[in-house]
Amino acid sequence: MGMTMSQKILAHAAGLESVAAGDLIMANLDMVLANDITGPVSIHEMDKFTKKGVFDKNKIALVPDHFSPNKDIKSAQNCKCMREFAYDNDITHFYEVGQMGIEHALLPEQGVVTAGDTVIGADSHTCTYGAIGAFSTGVGSTDAAVGMAYGKAWFKVPSALKFVLTGKPAPWISGKDIILHIIGMIGVDGALYKSMEFTGDGIQYLSMDDRFTIANMAIEAGGKNGIFPVDNKAVAYIESHMSPEKKAQYEKTGKKPYTIYEADEDAIYDETYVIDLSTLKSTVAFPHLPENTRTIDQVGDIKIDQVVIGSCTNGRLEDLEIAAKILEGRKVAKGLRVIVIPATQQIYMDAMEAGYLKTFIEAGAIVSTPTCGPCLGGYMGILAENERCVSTTNRNFVGRMGHVTSEIYLASPAVAAASAVTGKISGPAELGL
Amino acid sequence: MKACGHVFKYGDNVDTDVIIPARHLATTDAKGLAQHCMEDIDPDFVNKVQPGDIIVARKNFGCGSSREHAPMAIKASGVSCVIAETFARIFYRNAINIGLPIIECREASEDIEAGDEIEIDFDSGIIYNKTKDTSYKGQAFPPFMQELIGAGGLINYMNQQK
């Protein structure tokens, strides 16, 4: 019986010839991630193990990104806890302020996750790395603690949904519109416990940044992971983003430090959806669920108080490029706050060199150092009572960005930037673009 | 093992941001988290909840963030079990890993109302609604998960492995 791409990676990770949906397996992990919210809980749990220490100091990534740079004393204590653990255990991939970025933009950029890897992270958006052909999934702090100590995690092998993407998206239509369209179609539990496997000739038109955005939000459909085939574009990305130890291993052995898996022709899928990307319009998710989607021509007249452009979903260079193209020579609407957050230091620097940051500041936006900040209502842009925000982030739950009566509208960088100019939810067409 | 208590009832897609809002996540202490449990969806919950009480919700309970703080807060608030039609997968793992009993049961999720008095027999999976004098059968866990639960969570389970 054929296996899906995710099942093949899991079979390899469990040391098995084959696996089938529903099998319970113990998999060996290539990377275990935790952040400043979930990491300290894991670290406290690790004290309870009879086994001491970590399984492999090169296969753990610790990223203080959520409430860091430290937003208050408690956050500072949590970051300190992680820092001390990282030093005590000589963790290679601990990213201090100055090197850190939003974890799911940072890890692929730094090449510490790659095609064929099995990755768990104590953060639900760990599913992002499916964009480069890894099986990666979010877990809680106890799973991450076991991962850090033993290098293992238990999984129920998932069945899968297949999304055949065809055609070329129209200008300004990006990965965010595609994934919001899909979540609107199947619902926030439409992929519950399942893999979302993307395929089809439309993938060639999607940049790596588009794919990261799509895989990132698999969890918003309840998915266990989202995964893309590894094509030439993905290989080019992987080979130009290799960690120092992977590069050294490659030069020493000549063996490529990644493995490309493909779904079997006869793999079984619970459902197959065909989506013609050329028909998609800019899509916005209304409060308070990512499945409450409307196309831009159906949003009506919704005035806003804030725009956030950033996060693990849409804080990458191409997202900033799109926003800069729209904001170039234009001004932020009067009374609106616009917050731009490049996801990593590298993206920050690249955006600076490309002139995007100047464009944002001249338009009247602010630019922040990398942080998850406002996405989860941490800091750097909390909403007051009844305020509305257009955000390129991933969740619009009640109270997610601040007051329980505030509202979040999820959208692409293009819609966020156009809305920043008009002061209401708008697509680039409203600016004549 | 049995649990008995009164029901707090919620709808579909109760997310971990409303179970424990991120503004409290700098706290890692379970009792501290419990003081804010469910506050954005049910501000009265923390004042009313009694040891042994039961949360019953509809589908996709615990969706969103992977924060283990959510089942930690529920457990530390005294809740003895969460019943739902379905659970989001990370919440499901976290609950089992930390020893918060959960049961998937569509009939119970549909029929049980707020304030009903419920008795749960974890060995048989039978949920008995004393208020309505009705019983429901919850879905049994696969053997591996029963082992995890029996060990008292994932950490004890791993400590017992050779």
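Structural notes, computed from the coordinates. (Residues numbered from 1 in each chain as written. Chains lettered and ligands numbered in written order. Predicted model: local features only at pLDDT ≥ 70, side-chain atom pairs only at ≥ 80, totals over all residues.)

## Description of the overall build of chain A
This is how it is decided: We count a stretch as a helix when DSSP gives it H or I for four or more residues in a row; a strand needs E for two or more, and each element gets its number in order from the N terminus. Computation of the radius of gyration draws on C-alpha atoms alone. For the globule rule, the value is 2.2 Å times the number of residues to the power 0.38. Buried, partly exposed and exposed are defined by the number of other C-beta atoms within 10 Å of a residue's own C-beta, namely 20 or more, between the two limits, and 12 or fewer respectively, with C-beta atoms placed from the backbone.
Per the secondary structure count, chain A includes 14 helices and 18 strands. Against the globule reference of 22 Å for 433 residues, chain A gives a C-alpha radius of gyration of 21 Å, in line with a compact fold. Across its three principal axes, chain A shows a C-alpha extent of roughly 60 × 50 × 40 Å. Among the 433 residues that make up chain A, the fraction classed as buried is 61%.

## Section: helix α8 (residues 232-240) of chain A
Residues and elements named next belong to chain A. Put simply, the rule is: The arc in question is formed by the directions pointing from the helix axis toward the C-beta atoms. Contact criterion: two residues are in contact if their C-beta atoms, reconstructed from the backbone, are within 7 Å.
Those residues of α8 not exposed but buried are Ala234, Tyr237 and Ile238. Seen end-on, α8 carries its buried residues on one side only, within an arc spanning 95 degrees. Opposite the buried face of α8, by more than 90 degrees, sit the exposed residues Asn232, Ala236 and Ser240. Lining the buried residues of α8 we find α7 (208-216).

## Quick word on the interface of chain A and chain B
Buried accessible area, meaning the area lost when the parts come together, often serves as the stated size of an interface. We apply this condition: For this scheme, ten residues count as nonpolar: Ala, Val, Leu, Ile, Met, Phe, Trp, Tyr, Cys and Pro. Four count as charged, namely Asp, Glu, Lys and Arg, and the remainder, Gly too, count as polar.
If you look at the interface, chain A gives 42 residues, while chain B gives 35 residues. Residues of the side of chain A that touches chain B, tallied by class, amount to 18 nonpolar, 14 polar and 10 charged.

## Quick look at the sheet that holds strand β2 (residues 31-35) of chain A
All names here are of chain A. Basically, it comes down to this: DSSP bridges decide pairing: two strands pair if at least two such bridges lie between them. Where helices are involved, their axes are fitted lines through C-alpha atoms of the stretch in contact, as for all axes, and angles between N-to-C directions lie from 0 to 180°.
In spatial order, the strands read β4-β3-β2-β5-β6; together these 5 strands make up an open sheet with parallel pairing. Looking at strand neighbours, the two that pair on one side only are β4 (93-94) and β6 (135-138), the edges of this open sheet. Across 4 bridges, the pairing between β2 and strand β3 (residues 60-63) is parallel. Counterpart to Asn35 in the pairing with β3 is Val63. Sheet contacts for helix α5 (residues 141-150): β2, β3 and β5 (118-121); angle to β2, the most-contacted strand, approximately 135 degrees.

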